[in-house]
Amino acid sequence: MTMVIALFAVTANAQWYLGGSVGVASVKNGNADAETVYKFVPDFGYTINDDWAIGVAVGYQKGACSLRSGSFGQNTDVEVLQVSPYARYTFVKSKLVNVFIDGGVGLASYKDQGTEFQLGLKPGVAVNLNDKLSFVAHFGFVGFDTFSPKPDNIDNSTNIGVDLDGNNIMFGLYYNF
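Presented here is a report on the structure given in the accompanying data block. Note that the structure is a prediction, hence the values are computed from the model and not measured.

1. Topic: the nonpolar core
- Formed by Y17, A53, Y86, F100, A126, V136 and Y174, the largest nonpolar core amounts to seven residues.
- A126 has contacts with L96, V97, N98, F100, F135 and V136, leaving out every residue within four places of it along the chain.
- If you look at the next biggest cluster of nonpolar residues, it comprises five residues, including V78, A108, Y110 and F147.

This is how it looks when you write it as structure tokens:
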């Protein structure tokens, strides 16, 4: 009975959120026909307190692969499933803007192509539109990333470092329950 009361008290004071990102683009590589690429990455989590939250992003992408262009041919049409659990630390808080960093792992499976593993940090900012809705942007990645291709004639690739360029930005909306 005590555990039920404790669980209810923790859940009543915490806040769940649901959101994520979607994207659609047209990609043209060389002389090939333009191809439509789309991505759907829902994200849900649990706010533990003012500073910490935990969550997971689960996504699907279909289309030309720009992330691993060195490992795939330019016209490769891929499907990617990804799972990325994280812990979020918010270090700047105001009524309108929160600045945070997500630390987590990511696993992506490229259909018939290989797998990717990430371990690192992703900085972000949340603009609080009202008490329930936030516009969220993640930009960049700091950490470790490795890709293991399925074809035997291609070597694994590993990246360690900082990627804060303008091509690594993701926008989304979050609803706080």
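2. Observations regarding the environment of G140
- Mapped onto the secondary structure, G140 falls in the loop between β7 (133-139) and β8 (141-149).
- Spatially, the C-alpha atoms of G140 and D163 are 5.3 Å apart, while their sequence positions differ by 23 residues.

3. Examining the packing of aromatic side chains
- Following the criterion strictly, the structure yields seven aromatic pairs and no others.
- Ring geometry for W52 versus Y89: centroids 4.9 Å apart, planes at 50°, classification tilted. In this pair, W52 is assigned in strand β3 (residues 52-64) and Y89 in strand β4 (residues 77-93), connecting sequence segments 37 residues apart.
- In this structure W52 comes out as partly exposed when scored by relative accessible area, which is 41%.
- Both rings, one in F135 and one in F171, keep their centres 5.7 Å apart while their planes meet at 20°; by these two values the pair is stacked. Of this pair, F135 sits in strand β7 while F171 is found in strand β10 (residues 169-176), placing the two residues 36 residues apart along the sequence.
- Accessibility expressed as a relative area gives 33% for F135, which makes it partly exposed.
- It is R88 that lies over the ring of F100; its NZ or CZ is 4.1 Å from the centre.

4. Re the environment of F100
- Topologically, F100 is positioned in strand β5 (residues 97-110).
- The spatial distance from the C-alpha of F100 to the C-alpha of P123 is 6.0 Å, given a sequence separation of 23 residues.
- Beyond its immediate chain neighbours, meaning those up to four positions away, F100 contacts R88, Y89, T90, F91, K122, P123, G124, V125, A126, V136, A137 and H138.

5. Considerations on the pattern of salt bridges
- In the structure shown here, the tally under the stated rule is three salt bridges.
- In this structure, the salt-bridge partner of D102 is R88, at a minimum N-O distance of 2.7 Å. In this pair, D102 sits in strand β5 while R88 sits in strand β4, placing the two residues 14 residues apart along the sequence.
- Under the relative-accessibility criterion, D102 is labelled buried at 6%.

6. Thoughts on the pairing of β10
- In terms of strand pairing, strand β1 (residues 15-27) meets β10 through four bridges, oriented antiparallel. Bridge pairing in β10 links G19 to Y174.
- Pairing of β7 with β10, which is carried by seven bridges, proceeds in the antiparallel orientation. Note that in β10 the partner of H138 across the bridge is M170.

The rules we used
Along each chain, residues carry numbers from 1 onward, in the same order as the chain's sequence is written. Totals for whole chains, interfaces and linings use every residue, but because this is a predicted model, local features are given only for residues with pLDDT of at least 70 and side-chain atom pairs only at 80 or more, for both listing and counting. Processing note: side-chain calculations cover all non-hydrogen atoms of the structure and skip hydrogens and water entirely. By nonpolar core we mean a set of buried residues, namely Ala, Val, Leu, Ile, Met, Phe, Trp, Tyr and Cys, connected to one another through side-chain atoms within 4.5 Å. The buried label goes to any residue with under 20% of its type's maximum accessible area, the exposed label to any with over 50%, and the partly exposed label to all in between, with areas taken from a 1.4 Å probe on protein chains only. A contact between two residues is defined here by any heavy atoms of the two lying within 4.5 Å. Numbering of helices and strands runs from the N terminus; a helix is a DSSP stretch of H or I covering at least four residues, while a strand is a stretch of E covering at least two. Two rings belonging to Phe, Tyr or Trp (six-membered ring only in the last case) form a pair when the distance between their centres is within 6.5 Å. Interplanar angles under 30 degrees mark stacking, angles over 60 mark edge-to-face geometry, and anything in between is tilted. Only when the NZ of Lys or the CZ of Arg is both within 6 Å of the ring centre and within 35 degrees of the ring normal is a charge said to sit over the ring. The term salt bridge refers to a pairing of a side-chain nitrogen on Lys or Arg with a carboxyl oxygen on Asp or Glu at a separation within 4 Å. Strand pairing requires that DSSP identify at least two bridges connecting the strands.

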